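Structure assessment
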Amino acid sequence: MPTSTTTDPRYAKCIDNSKRVRWEIDRDVIRGRRFDRSKAFMPAGLSLVGEMDFLNDDERRLLSQVQGRTYAYLFGLVERFIGAKTMELGRAEAFGDQVAVEALVRMADEELKHQELFRRLELMMADDMPAGYVKTADPDAVAQVVLGKSTWAVMALTLHIELFTLAHFRASIEPDAGLCELWKDVFRFHWREESQHAMLDELELLKEDSRLTASQRSVAVDELIELVGAVDGILQAQAKADSAYFCAMTGHGRDEARARRMEDAILKAYRWQYIVSGVMEPRFQKTLFSLVDSQQAARIQSALAPLAYAVPNAHDMPLPVAA
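Residues numbered from 1 in each chain as written. Predicted model: local features only at pLDDT ≥ 70, side-chain atom pairs only at ≥ 80, totals over all residues. Heavy atoms only, no water.

On to the nonpolar core. Counting residues in hydrophobic clusters, the biggest one holds 105 residues, and the most contacted among them are W152, W183 and F187. Sorting elements by how many residues they give to this core places helix α7 (residues 151–173) first, with 14 residues. Not counting the four nearest positions on each side in its chain, W152 is found in contact with L205, E208, D209, L212, R217, A220, V221, L224, L288, L291 and V292. (Core = buried A, V, L, I, M, F, W, Y, C linked by side-chain atoms within 4.5 Å. Buried < 20%, exposed > 50% of the residue type's maximum accessible area, 1.4 Å probe, protein only. Helix = DSSP H or I, 4+ residues; strand = E, 2+ residues; numbered from the N terminus. Contact = heavy atoms within 4.5 Å.)

The following block contains the structure:
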């Protein structure tokens, strides 16, 4: 257990940032508004609706809203285990680095707020959208699986998630003036607090890595690969459910081939959003691959190879997106 009272100055910077950008759900984000169903939620660079040439403009807008609902739901889901892990890391520092403790406690508090925000959004979207939407994964069950893995694997996955969160907002959500204002504001305020979370993730990953033996790190790499596979399993189930929901609303489900094409297109978008865009993010690549040896890197790349197709056409978003 740490006993030093000295700290990396980046922990103090995270505390300062947390104080500076602090926001509240009703006062700053929702402000009494509802979602504007006449506008898209997800930008085309994330939803990939521009690649679905069999949809008309109204259907593309509807699909962006279905994907936007899932985007919010899945962020609430992953923040369940991120918040729990952050509290665990804070307890480990309780009698040591008090600056690190404060930074981690603030992060845990913010992650709990984010979970509440996304729960509120789901209730609002359930009121505003047709019945039949299905959430395929339980946040508590997913958190228990993730937290059963090593700290190194969990923090690597967490860094990946929070860096793609930043990258998505900067590269695709922020520049799109045509998005629903409330949906866009949700991810603007979310981005403000995730910026310091990503810094903490990296600090904690590097700290944990310094404690591992070569054999322990090798096991942790395999666990990270398992976690990415589990995320992909969630995406496959949600893509199937969202495709069925969308097809039921639009009538595309009457054509079996069209319905299958729809499911494949949504799965590609979700793999891009939740796995590939994060893996390609330059800061994540630099951090992760600086910690592993060539054999471990090859195992990671081999596991990711079947997902490499899931990138947008160049005209929708320049690659890679950066946090």
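Following the structure, the description resumes.
One non-glycine residue, R31, lies in the positive phi region at around 50°. Structurally, R31 is set in the loop between α2 (25–30) and α3 (44–47). You will see that L48, though not glycine, has its phi angle at about 60°, which is positive. Inspection of the secondary structure puts L48 in the loop between α3 and α4 (57–92). Since its relative accessible area comes to 1%, L48 is described here as buried.

With that out of the way, let us pick up the pattern of salt bridges. Counted under the stated rule, the structure contains 29 salt bridges. E24 is paired through a salt bridge with R22; the nearest N and O atoms lie 3.4 Å apart. Residue E24 is classed as partly exposed on the basis of its relative accessible area, which comes to 32%. Between R80 and D140 there is a salt bridge, and its shortest N-O distance comes to 2.4 Å. One end of the pair, R80, is in helix α4; the other, D140, is in helix α6 (residues 139–147), with 60 residues separating them in the sequence. (Salt bridge = Lys/Arg side-chain N within 4 Å of Asp/Glu carboxyl O.)

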